[in-house]
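Structural overview for review
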Amino acid sequence: MPVLQRVIGLGGDCVRQSPGGPVTVNGKPLAEPYVKDGDPSGMTPAYDVVVPEGGSSCSAITA
């Protein structure tokens, strides 16, 4: 099954997501019209992280 990965946050950004909800970066939901049924989480558990300075946060979506 193909997987799409995208960078969704850079150093200092707060990235959050809970099952069934949108991914948010710094409190703003990402517009992800390519996500099947509007749920980008798939089987991913909820997360709430701050990206370390100099880093990036990547997320995968099963296509």
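Before going into details, it helps to say that this report is about the structure given with it. Being a predicted model, the structure only gives us computed values, none of them experimental.

In this section: the sheet that holds strand β5 (residues 47–50). Sheet strands pair by backbone hydrogen bonding; their relative direction is either parallel or antiparallel. Here four strands make up an open sheet; going across it, the order is β4-β3-β2-β5 and the pairing antiparallel. Since the sheet does not close on itself, it has two edges, and those belong to β4 (28–29) and β5, each with one partner. Bridge count between strand β2 (residues 14–17) and strand β3 (residues 24–25): two bridges; the pairing is antiparallel. Looking at the pairing, Arg16 lines up with Thr24 of β3.

Along the chain, Asp13 turns up in the loop between β1 (3–10) and β2. A polar side-chain atom of Asp13 sits 2.9 Å from a polar atom in the side chain of Asn26. Asp13 has contacts with Val25, Asn26, Val49, Val50 and Val51, leaving out every residue within four places of it along the chain.

The next thing to look at is the pattern of salt bridges. Scanning the entire structure with this criterion turns up one salt bridge. Between Asp48 and Arg16 there is a salt bridge, with its nearest N and O atoms 3.0 Å apart. Placement of Asp48 in strand β5 and of Arg16 in strand β2 is noted, with a sequence separation of 32 residues between them. Residue classification places Arg16 among the partly exposed residues on the basis of a relative accessible area of 43%.

Reading the values: the criteria
- Residue numbers here run from 1 along each chain, matching the order of that chain's written sequence.
- Two thresholds apply to this predicted model, a pLDDT of at least 70 for residue-level local features and 80 or more for giving and counting side-chain atom pairs, whereas whole-chain, interface and lining totals are computed over all residues.
- To get the side-chain values, all heavy atoms of the structure are used, and hydrogens and water are removed first.
- For two strands to pair, DSSP has to find at least two bridges joining them.
- Numbering of helices and strands runs from the N terminus, with a helix taken as a DSSP run of H or I at least four residues long and a strand as a DSSP run of E at least two residues long.
- Pairs of N or O atoms within 3.5 Å make up the polar contacts considered here, provided that, within protein, one atom can donate a hydrogen while the other can accept it, and that residues adjacent in sequence are counted only when both atoms are side-chain atoms.
- Here, residues are in contact when the closest pair of their heavy atoms is within 4.5 Å.
- A pair is scored as a salt bridge if a Lys or Arg side-chain nitrogen falls within 4 Å of a carboxyl oxygen belonging to Asp or Glu.
- Think of it in three bands: residues with accessible area under 20% of the maximum for their type are buried, residues over 50% are exposed, and the middle band is partly exposed, with areas taken using a 1.4 Å probe on protein chains only.

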